[in-house]
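Next come the chains, spelled out residue by residue.
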Amino acid sequence: MPRPFLPLLLAAAFPVLGESPAVLKSEFLFDPAPHPQCHASTIVETPAGLVVAWFGGTKEGNPDVGIWLTREVGGRWLPPVEVANGAETEDPRVNCLNPVLHQVPGGPLLLFYKTGKWWAHVKRSTDHGVTWSKPERLYNGLFGPVKNKPVQFADGSILSPTSVEIPSPRGRCWRVHFERSVDGGKSWQIIGPVNDGHAIQAIQPSLLLHPGNRLQALGRTQQGRLFEIWSEDGGLTWGEMSLMELPNNNCGTDAVTLSDGRHLLVYNHAGNRPDRTSGFRSPLNLAMSKDGRRWEAALVLEDEPRKEFSYPAIIQTQDGLVHITYTWKREFIKHVVLDTARLTTRPIEGGVWPE
């Protein structure tokens, strides 16, 4: 029997230090699922409404895994369709990974994704995700956004947060860099890498916007805590990377700066576990900050132990509401809608989530 949609968020499953009036909706984007497994969602607002993409197939890494997409029309999500797969670019067919959507204001909707051995591709839609161009391969060391959304500035330039995972004589090297476009995503300039990939092994950054043209990137590491790094000139140059107090269990995160200047971060509030079992990729949490440095607990999205709730994506839409999507046990993509004016928060002291 199909799993029912969840029109309201239940306090038992989604506590925020008790029941949260901030949660307006919680739902699965599809049911039944068109594939055995799915992961790594991305969400964007277009002039025609919300669009969400993810990768799905029999299992991550298998050749049948493609990029799937659904659009919200009239308040309902359309049946998912596969919009990209590895057969379009490689023979024999290979798997697809990590889609990222970006709406160019007044321009096309971009879909970035990876195939096989981490080849980067982009597709374009001029009808808000209904139809798509043929894939274009990114060359010259370009990777596009590896998990999280680019940001677009008032001058039209786009800054894409990205990273690489490469072998080295010192072991696996995880390095963050950025890719900048001033022509709507037609061409890109590489900025970085901004860390050596060993002292802090960091990937999959998100970008937060601060006054005075300052930017903050933060995200996943292998060191058991989130990383952060700051730019004072809109992302052209970057300072030294450091570890935050907030824990990270080597799993993807996402963050967004709200229209009122506050910041939201979605992440698994858990550090590394040597056995990678008990509670791995659970709980999934939402934190809020006014300055990007001092964070407060806002919501526990999921907390069932020994399950996977991971790879969140978060945006704020023009109506001021916040939308979060994330992997739910590799079976579904879940969508949560929040009214941040109704959130209550409590400081996170010493990296410990408050009771």
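Q: Talk me through the overall build of the protein; I want residue IDs and the actual numbers.
A: Secondary structure assignment for the protein yields zero helices and 26 strands. Taking 2.2 N^0.38 as the reference for a compact globule, 355 residues should give roughly 20 Å; the C-alpha atoms of the protein span a radius of gyration of 19 Å, in line with that estimate. C-alpha extents for the protein along the principal axes are approximately 50 × 50 × 45 Å. The buried share of the protein, reckoned over its 355 residues, is 57%. Partitioning the intrachain contacts of the protein with sequence separation of at least 6 by distance along the chain shows that 50% fall at a separation of at least 24. Entry remark: accessible area of the protein is about 15,000 Å², with carbon and sulfur atoms responsible for 53%.

Q: I'd like a rundown of the environment of L207, residues and numbers included.
A: Along the chain, L207 turns up in strand β15 (residues 202-210). When the C-alpha atoms of L207 and E88 are compared, they prove to be 31 Å apart, with 119 residues separating the residues in sequence. Beyond its immediate sequence surroundings of up to four residues, L207 is in contact with V151, L159, P161, F178, Q216, A217, W238 and A255.

Q: Pulling in residues and values, what's your account of the packing of aromatic side chains?
A: For the structure on display, the rule yields eight aromatic pairs. Each ring, one from F28 and one from F332, has its centre 4.8 Å from the other, and the planes form 35 degrees; the classification is tilted. Here F332 lies in strand β25 (residues 332-338) and F28 lies in strand β1 (residues 23-28), a separation of 304 residues in the sequence. As far as the burial class goes, F28 and F332 line up, both buried. Cluster of aromatic residues (ring-pair linked, three or more members): F28, F30, W54, F309, W328 and F332.

Rules used in this analysis
- Residues numbered from 1 in each chain as written.
- Predicted model: local features only at pLDDT ≥ 70, side-chain atom pairs only at ≥ 80, totals over all residues.
- Heavy atoms only, no water.
- Helix = DSSP H or I, 4+ residues; strand = E, 2+ residues; numbered from the N terminus.
- Rg over C-alpha atoms; globule rule 2.2 N^0.38 Å.
- Buried < 20%, exposed > 50% of the residue type's maximum accessible area, 1.4 Å probe, protein only.
- Contact = heavy atoms within 4.5 Å.
- Areas by Shrake-Rupley, 256 points an atom, 1.4 Å probe, with all protein chains shown as cover.
- Phe/Tyr/Trp six-rings, centres within 6.5 Å; stacked < 30°, edge-to-face > 60°.

The analysis is restricted to geometry; functional conclusions fall outside its scope.
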